[in-house]
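Chain by chain, the residues run as shown.
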Amino acid sequence: STPTEQLKIVIVGHVDHGKSTFVGRLFHDTGSLPEGKLEQLQKIAERRGVPFEWANLMDALQSERDQNITIDTAQIWFQTKKRQYVIIDAPGHKEFLKNMITGAANAEAALLLIDANEGIQEQSRRHGYLLNLLGIRQIAVLVNKMDLQGYSQERFNQIEKDYRAFLKTIGVEPKLFIPIAAKHGDNIASKSANMTWWQGATVLEALDQFKVSDLPDNQPLRFPIQDVYRFDDRRILAGRIEAGSVKVGDKLLFSPSNKVSTVKTIERWNAPVSESANAGESIGITLTEQIFVERGAVAALETAPPYELNRFKARLFWLGRQPFKQGKIYKLKLATQEADCEIESIEKIIDASTLETISREGEKPYVGRHEVAELTIRTKRAVAFDKHIEIVPTGRFVIVDGFEVSGGGIVAEDNYPKRTSD
Ligand code: GDP
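Residues numbered from 1 in each chain as written. Predicted model: local features only at pLDDT ≥ 70, side-chain atom pairs only at ≥ 80, totals over all residues. Heavy atoms only, no water.

Its location among the elements puts Val 273 in the loop between strand 11 (259-267) and strand 12 (276-278). Take Val 273: its relative accessible area is 66%, and that puts it in the exposed class. Taking the C-alpha atoms as reference points, Val 273 and Phe 27, separated by 246 residues in sequence, lie 37 Å from one another. (Helix = DSSP H or I, 4+ residues; strand = E, 2+ residues; numbered from the N terminus. Buried < 20%, exposed > 50% of the residue type's maximum accessible area, 1.4 Å probe, protein only.)

Okay, here's the thing in structure tokens:
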């Protein structure tokens, strides 16, 4: 039988550290490849007199999917006995970092690959920093190509020690490190005979240990409205519960309009009606009083609303080709809200891979590509948000420059008043 539980993961790592090879092997070892596909590509390689590459297999599958326009090509699937896995970002995408900022925002776990031969690279550090910025807390680091290091336990321990030390400085604690050789399948679906010193989990075991959706139900309710549907005289407010839970009879406050109404019904698309819903669920609600609510509004319990202000402190990662400049207007997207915004002040600019300070307050009026900044952002109208450390989904945002997502960040801690008065 097919498991119905689903976990979204993102796989990151420096180019050539083995992401495609790893995904190919993972598909093969979980029996997720189309019948005969592997043999077909092995034959082609043989005929051409070139070695078979797992990465080519993934390229072939990807291009078949690209021709099948109807499905989302960024989503590749495999499954274990326990659940289905959706890979949010497939290897090989050109604008990889950008996809991470936009797509990985709803990944629930990450696998980060490091080449045992090359060791920790600038991108390995940048990716660690990004995962943290995006609030992905379930991380396993895969030390790949162990075969090129004679399956050395010392080499593995050294990489783990060095990378853990770096990650600690940014507050990231990976669940575990696993030594693998993607090319040969070591420690992916079964324990490696080449690394008998390894007593820990295989990659599949580690994946199955991750929790589906790290969203605690006992947080304050955050229900950003995605769409408003009208059926006759009924209005259904649709969206995904990003934190907390909601039940019929709850009194909701909608930001930024500050209107209040009571939940009359909770609707689901393919499931029976019920009296309550939890974080991670996509639902619709109807209200007892017909108040005007638009896409972008955030519903919360009246007793525990988000902040609603037009300035906040942030830590931001910039990817845009053009720098993020003081004095220019950009679009901010936070949950389902959109608002014009600009930089009010830049407190500090940090190099994302070394984490060294590049510039202090007032020294540089823009944030360059691949730089991280601590800054204050001002929005044209009040937006509803939370501190990232308290509620992740409403504590992060992206910045759009023109039509491009050019940066992403989190709402930093500060002494915010609950509501704005200016
Ligand atoms: P990506 O750019 O991260 O997707 O990396 P690829 O999957 O394309 O791999 C880059 C190269 O490393 C390819 O030539 C692979 O065959 C090789 N490679 C990947 N995994 C292993 C491994 O476990 N052992 C060895 N020896 N080579 C590997």
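With six of its eight residues buried, strand 1 (residues 6-13) lies for the most part within the structure. Relative to strand 3 (residues 84-87), strand 1 runs parallel, the two sharing four bridges. Among the inter-strand pairings, Gln 6 is bridged to a residue of strand 3, identified as Gln 84. (Pairing = 2+ DSSP bridges.)

Quick look at a nonpolar patch on the surface now. A contiguous nonpolar surface patch, about 360 Å² in accessible area, is contributed by Tyr 229, Phe 231 and Trp 269. Counting through the fold element by element, Tyr 229 comes out in strand 7 (residues 223-231). The class of Tyr 229 is partly exposed, set by a relative accessible area of 37%. (Patch = residues over 30% accessible without salt bridge, like charges linked within 9 Å, V, L, I, M, F, W, Y side chains within 5 Å. Areas by Shrake-Rupley, 256 points an atom, 1.4 Å probe, with all protein chains shown as cover. Salt bridge = Lys/Arg side-chain N within 4 Å of Asp/Glu carboxyl O.)

The subject of this paragraph is the site of the ligand. Near the ligand lie 17 residues; those nearest to it are Lys 19, Ser 20, Thr 21, Glu 53 and Asp 147. A distance of 3.0 Å separates an oxygen atom of the ligand from a polar atom in the backbone of Gly 18. With three residues, helix 1 (residues 19-29) is the single largest residue contributor to the shell around the ligand. Residues of the shell around the ligand, tallied by class, amount to five nonpolar, six polar and six charged. (Near = heavy atom within 4 Å. Polar contact = N/O pair within 3.5 Å; in protein donor to acceptor, adjacent residues only side chain to side chain. Nonpolar A, V, L, I, M, F, W, Y, C, P; charged D, E, K, R; others polar.)

So, about the side chain of Lys 19. Here Lys 19 shows up in helix 1. In this structure the side chain of Lys 19 is engaged in a polar contact, spanning 3.2 Å, whose partner is the backbone oxygen of His 14.

Attention shifts here to the packing of aromatic side chains. Evaluated as defined, the whole model comprises 16 aromatic pairs. Seen from their ring centres, Phe 156 and Trp 197 are 5.7 Å apart, and the 40 degrees between their planes marks the pair as tilted. Of the two residues, Phe 156 is situated in helix 6 (residues 153-169) and Trp 197 in the loop between strand 6 (176-179) and helix 7 (203-209); the sequence distance between them amounts to 41 residues. Connected via pairs of aromatic rings, a cluster forms that spans Tyr 307, Phe 312, Phe 385, Phe 397 and Tyr 416. The ring of Tyr 307 carries the charged tip of Lys 418 above its face, separated from the ring centre by 4.1 Å. (Phe/Tyr/Trp six-rings, centres within 6.5 Å; stacked < 30°, edge-to-face > 60°. Lys NZ or Arg CZ within 6 Å of the ring centre and 35° of its normal.)

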